[in-house]
Structures are given as structure tokens and as C-alpha cells.
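Reading the structure
Chain by chain, the residues:
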Amino acid sequence: MEHTSLLERILRGAALTLVVIFFMFPIVWIFMMSFQTNETILRIPPQLVFKPTLANYTALITGKLTTAAGTLDIAFMRNLWNSVFLSVTSVAVALLLGVPAAYAFARHKFRGSEDIAFTLLSFRFAPALLVLLPLTLYFQKLGLANTYIGLIWVYQLICLPLILWIVRGYFEDIPADIEYAYRIAGHSWFATFRKIALPLAGPGIAAAGLLAFIFAWNNFVFALVLASADKQPVTVGALAFITSSGIQYGQISAAIVLSITPTLALALYAQRYLVEGLSLGAVKG
């Protein structure tokens, strides 16, 4: 058994502490800024000790932003709801379409299957600006511009390829003999998929859904071009804090804190699924 000396443990703990401080400092600083006014934030040198205020959060919740130019109406809470609705619905649709497709690509090899799968994955690689112009023209002709349905459809370019390829790998790691034995017992293909494949790949599906949710939540370009203010998520709604009287850093910081809270809570909750995914495919005797 390897033993480490006290000095090695101290040095390792100090190194880990420095790494945590380095990566967490921006988040902690933004959190502190959310309780400060613009005057305090822009003060040089910066002050670690200040009188906190809830005015930034109050402005976001009430929708009234007070600046030097007057009082402005903001719709941050509506933008936050739009982000939740668009991300959850888009991931749900992507899971509904992508999980059966991933199972088909993993279990049924046919001519051109790899080409089709790679073509779907290439949608994820394509820059958003490359498809924005044709998408805008098509959406205007189809009446999908500035609609939730249109945005959910476009978000499939983000969620569906990601879920398809991640879940496909999990299905391929499941021993096919387990499913064959269940089919020999007289069960249908759909019953095998629902009762055997889905539970075994559950952690992988949850991990893929979490990643797709984060990517959908952070999307900016599609919603900026294809939706108006009442349909835009928080990533676009944050532009309202850049006013004629200057940038409202306190409100932006409060908006960041509120916008990352759902994804952070979801990631912390889904950690156990990520850990369970490490043992996916293992056959226990």
C-alpha cells in the first residue's frame, strides 16, 4: 500500500485549493457583483467589503430597471421562462426522436447507416451563421418565424445529433445477448427496447439529456435572429441591460446568477446518473 507523507498531502491540498480558487473566482466575483450598484462595481480599486443591495434582483423580478436615463421596462422573468420552456421541450422532443434512432443505429446495421448517422452529426458541426439565412427565409414562408414551435424545431439542430451519438454509444455497450434472451422468451421488439435496453442505458440517456439541455439553454444566435423579444431566452434578454446610459453591470450579474441556477441545480442532481453510467454494460453474475 502506498503511503504519502504529511508534506505531500499538504502540497496536494494546497494545489487543489489553488485550482478551485482559480476556476471558482469568476463565479464568486459575479455573485458579489449582483449585490452591488454600478458605482461600487466600477470603483478603483475594487472593494471586497461593501454594503449589499437587493435592488438588482428587485429590478429583474419587477421588470423595472432604473437608470440615469429613466425607468425602463424589462422582461427578464419572461425570458427566463422562455429559456426553461424552450430547453425542456427541445430536449424532450430530441429524446423522443433520438433515443429510438440511436437504438436502431446501434442494433440494426444496414447499408448507409453510418453515412446517415454522420450526416446527422454534421448538423452539430455546422456553424449557426451558415444556416441562419436560409432558415429565416423558410421560416417566414412557413409561418414559423417568431414562434415557439419554430424555435423548438431549430433547437433540434443542437440537441438531436448530440443525443443520437451519445446514446448510441451506450446502447452499443449493452451486451446484445441480454436482449436476444428476452426476445427468445417470446417478447416483442418494442417490449425488449422498453424493458431491457432503456433501463440499462438510463444513465447514458440522462447524461445525454443533461448535456443537450445545457447546450440548448446557452444558445444565443438562433433565438436572436428567429424570435422577437417576447419569445427570446435569457441569453438574448441580457442585451436589455446595455442601455443608452451605460452597461448595467449589477443587473447583468444578477441575471447571470439567476440564469445559471437551473442548469447548476440540474447538473448537481444528475451527477448520480453520470456515475452510474461508468458501469453501463457490465454483466453481473
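Right above here is the structure, for reference.
Heads up: these notes are all about the structure in this document. All figures in this text were calculated on a predicted structure; none of them were measured in a lab.

1. Things to note about a nonpolar patch on the surface
- Taken together, the side chains of Leu 42, Phe 220, Leu 224, Val 225, Leu 239, Ile 242, Ile 247 and Tyr 249 make up a nonpolar region of the molecular surface, amounting to roughly 660 Å² of accessible area.
- What makes Ile 247 partly exposed here is its relative accessible area of 33%.

2. Section: the environment of Val 236
- Relative to the helices and strands, Val 236 is located in helix α12 (residues 234-237).
- Among the residues examined, Val 236 registers a relative accessible area of 3% and is labelled buried.
- Residues Val 236 and Ser 83 lie 153 residues apart in sequence; the distance between their C-alpha atoms is 9.9 Å.
- With near-sequence residues (within four places) excluded, Val 236 lies in contact with Phe 220, Ala 223 and Leu 224.

3. Considering the side chain of Ser 83
- Take Ser 83: it is sitting in helix α4 (residues 76-107).
- Those residues in contact with Ser 83, other than ones at most four positions away along the chain, are Trp 217, Pro 233 and Val 234.

4. With respect to the environment of Arg 78
- For Arg 78, the location among the structural elements is in helix α4.
- Using a relative accessible area of 40% as the deciding quantity, one classes Arg 78 as partly exposed.
- Sequence separation between Arg 78 and Ala 223 is 145 residues, and the spatial gap between their C-alpha atoms is 14 Å.
- Leave out the neighbours within four places in its chain, and Arg 78 touches Tyr 148 and Asp 230.

Definitions and cut-offs
- Residues numbered from 1 in each chain as written.
- Predicted model: local features only at pLDDT ≥ 70, side-chain atom pairs only at ≥ 80, totals over all residues.
- Heavy atoms only, no water.
- Patch = residues over 30% accessible without salt bridge, like charges linked within 9 Å, V, L, I, M, F, W, Y side chains within 5 Å.
- Areas by Shrake-Rupley, 256 points an atom, 1.4 Å probe, with all protein chains shown as cover.
- Salt bridge = Lys/Arg side-chain N within 4 Å of Asp/Glu carboxyl O.
- Buried < 20%, exposed > 50% of the residue type's maximum accessible area, 1.4 Å probe, protein only.
- Helix = DSSP H or I, 4+ residues; strand = E, 2+ residues; numbered from the N terminus.
- Contact = heavy atoms within 4.5 Å.

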